[in-house]
Amino acid sequence: MIDQKFYRFPQALLLAIFASVLSSAPAKAMDRSEIAIPDVLGYHTLKCDFHMHTVFSDGLVWPTVRPIEAWRDGLDAISITDHIEYQPHRGDIPTKHDRPYEIAKPTADNNHVILIRGSEITRAMPPGHINGIFLTDCSALATDKWEDAVQAAADQGAFIFWNHPGWTGQQPDGVARWYEEHSMLLEKGLLHGIEVVNHTSYYPEAHRWCLEHGLAMLSNSDVHPPIDHSFEPMSGEHRPVTLVFSKSRDAEGIHEALSAARTAVYHQDKIIGKEDFLQAIFDATVTVKFSEIDLRAGQTTNLQVHNACEVPYRLKLREASEFLESPGSITLPAGKSVLVRVKAKNNATAEPTEIALDYEVENLLVAPDEGCPVTLKLKGIIRE
Ligand SMILES: [Zn+2]
Ligand SMILES: [Zn+2]
């Protein structure tokens, strides 16, 4: 059967319409999802992923794919860190430790993604897997003894970090353990950071060790397949990201910031890091609109609190204000404003006074299970 209306439509005209639609259709452009976490304390907040694989080890993508994925994910910098000791595709792709960087570099440059040369030293636990980044010669890490591989990275001025310390492939219970070998690396200045988050795993032990030893906290995808096979942006997922607070948006700036341990971890809906940086992120993204209040004792009003960060903040009251009753918990959804009901207590203020509402943000972690203290600041008069 034929649709008669369609059939009668002059064929030449129909073709002309199709042709014009096709020629005027814009090419589908790739888009980039910016990560809405602002610059703070005079530093650029660079979004980075320093651990991923390609077909040159056990990954499933060609190196040029990684900078494109990074651009789309809103990243500033990546490091491709193929395994030195493990190349299951060797029959098809020969061992060439420096080729992933060289192949990916022009694509990274074209997209203004900073590409850092790296490798993964892949040994049994202890010491486990260790990444060296800012290498100049990855092949030099192919040594018999793991100590020599780490030293070869150090000799090149690399930033060296311990990967996935609680990986179930090496610690079946998922608990990270510190060995003598790690003390030795630390004492020799050969350990500069630890992955507090690898892929979807958070290691509280690694978080504590970073705090204890002043090491950089890292959060990396360790992705092997195409990134969206592991983290689905359509479901609101994002890869784990290392936030680097850098003086400049370039490799040298990142190297300096990592060495100074100015990093934080962005994992799922959490940011993990040092209190000063987390507070600065909160203060830069949360505003109390119409923050001047004028109430009588016992009167209530709604504050409007806006959150410009892409992380939803979960607040828990830390200490009750002398002047205002405020909710025990507040959620500030990403990119939205919410109404927060407050009630004036019976403590009158003689004149306009700074009123602080002291909360803890449960998903800004300054230590395992310890949220970041923050303050919502108001100004107001409470009348008798
Ligand atoms: Zn590994
Ligand atoms: Zn890896």
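Each remark here, short or long, concerns the structure printed above.
What you see is a predicted model, and the numbers here were worked out from it, not measured in a lab. (Residues numbered from 1 in each chain as written. Chains lettered and ligands numbered in written order. Predicted model: local features only at pLDDT ≥ 70, side-chain atom pairs only at ≥ 80, totals over all residues. Heavy atoms only, no water.)

Q: How should the sheet that holds strand β16 (residues 324-325) be read in this particular structure?
A: Paired through their backbone hydrogen bonds, the strands of a sheet run either parallel or antiparallel. Spatial ordering of the open sheet is given by β12-β14-β18-β16, a layout of four strands whose pairing is antiparallel. Looking at strand neighbours, the two that pair on one side only are β12 (286-289) and β16, the edges of this open sheet. Strand direction decides the pairing type here: strand β14 (residues 300-307) and strand β18 (residues 337-344), joined by seven bridges, are antiparallel. Among the inter-strand pairings, Q304 is bridged to a residue of β18, identified as L339. Along the sheet, helix α10 (residues 275-285) makes contact with β12 and β14, crossing β12 at roughly 40 degrees. (Pairing = 2+ DSSP bridges. Helix = DSSP H or I, 4+ residues; strand = E, 2+ residues; numbered from the N terminus. Contact = heavy atoms within 4.5 Å. Axes fitted to C-alpha atoms, helices over the stretch in contact; angles between N-to-C directions.)

Q: In this structure, what is going on with the coordination of the zinc ion (ligand 1)? I would like to understand it.
A: Angles at a metal have ideal values that depend on geometry: 109.5 degrees with four tetrahedral donors, 90 or 180 degrees with six octahedral donors. At this site the zinc ion (ligand 1) is bound by E120 (OE), H129 (ND1) and H164 (NE2), with donor distances of 2.0 to 2.2 Å. All donors of the zinc ion (ligand 1) come from a single chain, and their spacing in sequence reads E-x8-H-x34-H. Between the zinc ion (ligand 1) and the zinc ion (ligand 2) the interatomic distance amounts to 3.4 Å, and E120 serves as a bridging ligand to the pair. Linking H129 in strand β4 (residues 129-133) with H164 in the loop between β5 (159-162) and α6 (180-187), this pair joins segments that are 35 residues apart in sequence. Each of the two residues, H129 as well as H164, counts as buried. (Donors = N, O, S within 2.8 Å, 3.2 Å for Na, K, Ca; no water. Buried < 20%, exposed > 50% of the residue type's maximum accessible area, 1.4 Å probe, protein only.)

Q: Help me understand the coordination of the zinc ion (ligand 2) in this model?
A: Listed as protein donors to the zinc ion (ligand 2) are H51 (NE2), H53 (NE2), E120 (OE) and D222 (OD); their distances from the metal cover 2.0 to 2.3 Å. For the zinc ion (ligand 2), the four donor atoms in the first shell make angles of 81 to 168 degrees at the metal, so the coordination geometry reads as irregular. Sequence spacing among the residues donating to the zinc ion (ligand 2) works out to H-x1-H-x66-E-x101-D. (Tetrahedral: all angles 85-135°; square planar, octahedral: opposite > 155°, others 65-115°.)

Q: Help me understand helix α4 (residues 99-110), please; the structure alone is not making it clear to me.
A: Residue pairs three or four apart in sequence face the same way in an α-helix, which turns once every 3.6 residues. Those residues of α4 lying buried are P100, Y101, I103, A104, T107 and A108. Down the axis of α4, the sector holding all buried residues measures 165 degrees, keeping them to one side. In this structure, the buried side of α4 is in contact with α3 (65-72), β2 (77-80) and β3 (114-122). Two residues or fewer after α4 comes H112, characterised by a positive phi angle close to 55 degrees. (Arc of directions from axis to C-beta.)

Q: Just to check I follow, could you spell out the packing of helix α5 (residues 146-155) against α6 for this structure?
A: For any two helices packed against each other, the geometry comes down to the angle between their axes and how far apart the axes lie. Taken N-terminus to C-terminus, the directions of α5 and α6 make an angle of 25 degrees; their axes are 12 Å apart at the nearest point. Comparing their axes, α6 and α5 come out roughly parallel. Handedness of the crossing formed by α5 with α6: right-handed. Residues W146, E147 and V150 of α5 lie in contact with α6, whose contacting residues are E181, M184 and L185. Looking at the contact of α5 with α6, its residues break down into four nonpolar, no polar and two charged. (Parallel < 35°, antiparallel > 145°, perpendicular 65-115°, else oblique. Left-handed = near helix turned anticlockwise from the far one by under 90°. Nonpolar A, V, L, I, M, F, W, Y, C, P; charged D, E, K, R; others polar.)

Q: Would you take a moment to explain the pairing of strand β10 (residues 263-267) for this structure?
A: The two faces of a sheet get side chains in turn, since along a regular strand they alternate between them. Taken across its five residues, β10 has five buried, putting it largely inside the fold. Pairing geometry for strand β9 (residues 241-246) and β10, over four bridges, is antiparallel. Note that in β10 the partner of V244 across the bridge is T263. Where β10 meets strand β11 (residues 270-272), three bridges bridge the pair, whose relative direction is antiparallel.

These values are about where atoms sit, not about what they do.
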